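# Close look at the chain arrangement
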Amino acid sequence: PRPGSAAAARAESPEDRALRDAIRRHYPPLMRDAGITARMGVDFTVGADGKARGVHVDPGVDPAFERAARAVVADLTFPPSGPGEEMVMVIAFLPERTHAPAAR
């Protein structure tokens, strides 16, 4: 399905939707309004409660985006991993694309 299409929205998993919503909530408003984007790796371990522990963000990231990435990860619940297992994810703060309505 084409990103942004109704079929893509239906195919989106609950986990993908939760990530997208958390990114939308925590995208630093000044950065979003200025069109500034960021993409960073985040690594952490998952506790028995499904919450991230020991979160590390790629070095050199703007502090506003680092705080936002930490907030995104804190908002999410993950399947508990094995003892000491580390998760790595990429968080991308990018403008949302909207499509023009279809012609009638």
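Overview of the structure. For clarity, every value in this text was computed on a predicted model and none was experimentally measured.

Let us now look at the overall build of the protein. The helix and strand tally for the protein stands at four helices and three strands. Of the contacts formed within the protein by residues at least 6 apart in sequence, a portion of 67% connects residues at least 24 apart. Just so you have it, the protein exposes about 7000 Å², and 57% of that area is on carbon and sulfur atoms.

By the definition in use, this model includes eight salt bridges. Taking the shortest distance from any N to any O, the salt bridge between Asp 21 and Arg 24 comes out at 3.3 Å. Linking Asp 21 with Arg 24, this pair stays in helix H2 (residues 14-26), spanning three residues, or about one helical turn. The exposure class assigned to Asp 21 is partly exposed, which follows from its relative accessible area of 25%. Asp 49 is the partner of Arg 53 in a salt bridge, and the nearest nitrogen-oxygen pair spans 2.7 Å. One network of salt bridges, with partners in common, ties together Glu 12, Arg 17, Arg 20, Asp 21 and Arg 24.

This paragraph deals with the packing of aromatic side chains. Remark: the centre distance and the inter-plane angle together describe each pair of aromatic rings, the angle taken between the planes. With the rule as written, the count across this model stands at four aromatic pairs. Pairing Tyr 27 with Phe 93 gives two aromatic rings, centres 5.4 Å apart and planes at 75 degrees, and the pair type is edge-to-face. Pair noted here: Tyr 27 is in the loop between H2 and helix H3 (29-34) and Phe 93 is in strand S3 (residues 86-93), with a separation of 66 residues, a long-range link. Accessibility expressed as a relative area gives 0% for Phe 93, which makes it buried. Among the aromatic residues, those joined into a ring-pair cluster are Tyr 27, Phe 65 and Phe 93.

One finds Met 40, Val 42, Phe 44, Val 73, Met 89, Ile 91 and Phe 93 to be the most contacted residues of the largest nonpolar core, which totals 25 residues. Elements supplying a minimum of two residues to this core: H2, strand S1 (38-46), strand S2 (52-57), helix H4 (63-75) and S3. It is H4 that provides the largest number of residues to this core, a total of six residues. Beyond its immediate stretch of four places on either side in the chain, Ile 91 contacts Ile 23, Ala 38, Arg 39, Met 40, Val 42, Ala 69, Val 72 and Val 73.

As a further point, take the environment of Pro 59. For Pro 59, the location among the structural elements is in the loop between S2 and H4. Its relative accessible area of 76% is what places Pro 59 among the exposed residues. For Pro 59 and Val 42, which are 17 residues apart along the polypeptide, the C-alpha to C-alpha distance reads 10.0 Å.

Quick look at H4 now. Between the first and last C-alpha of H4 there are 18 Å, a value that for 13 residues agrees with the 18 Å anticipated at 1.5 Å per step. Along H4, the residues that are buried comprise Ala 64, Phe 65, Ala 68, Ala 69, Val 72 and Val 73. In a view along the axis of H4, the buried residues occupy a sector of 165 degrees, so they form one face of it. Those residues of H4 that are buried are in contact with H2, H3, S1, S2 and S3.

Procedures and definitions
- Residues numbered from 1 in each chain as written.
- Predicted model: local features only at pLDDT ≥ 70, side-chain atom pairs only at ≥ 80, totals over all residues.
- Heavy atoms only, no water.
- Helix = DSSP H or I, 4+ residues; strand = E, 2+ residues; numbered from the N terminus.
- Contact = heavy atoms within 4.5 Å.
- Areas by Shrake-Rupley, 256 points an atom, 1.4 Å probe, with all protein chains shown as cover.
- Salt bridge = Lys/Arg side-chain N within 4 Å of Asp/Glu carboxyl O.
- Buried < 20%, exposed > 50% of the residue type's maximum accessible area, 1.4 Å probe, protein only.
- Phe/Tyr/Trp six-rings, centres within 6.5 Å; stacked < 30°, edge-to-face > 60°.
- Core = buried A, V, L, I, M, F, W, Y, C linked by side-chain atoms within 4.5 Å.
- Expected span 1.5 Å × (residues − 1).
- Arc of directions from axis to C-beta.

Coordinates in, geometry out; function isn't part of it.
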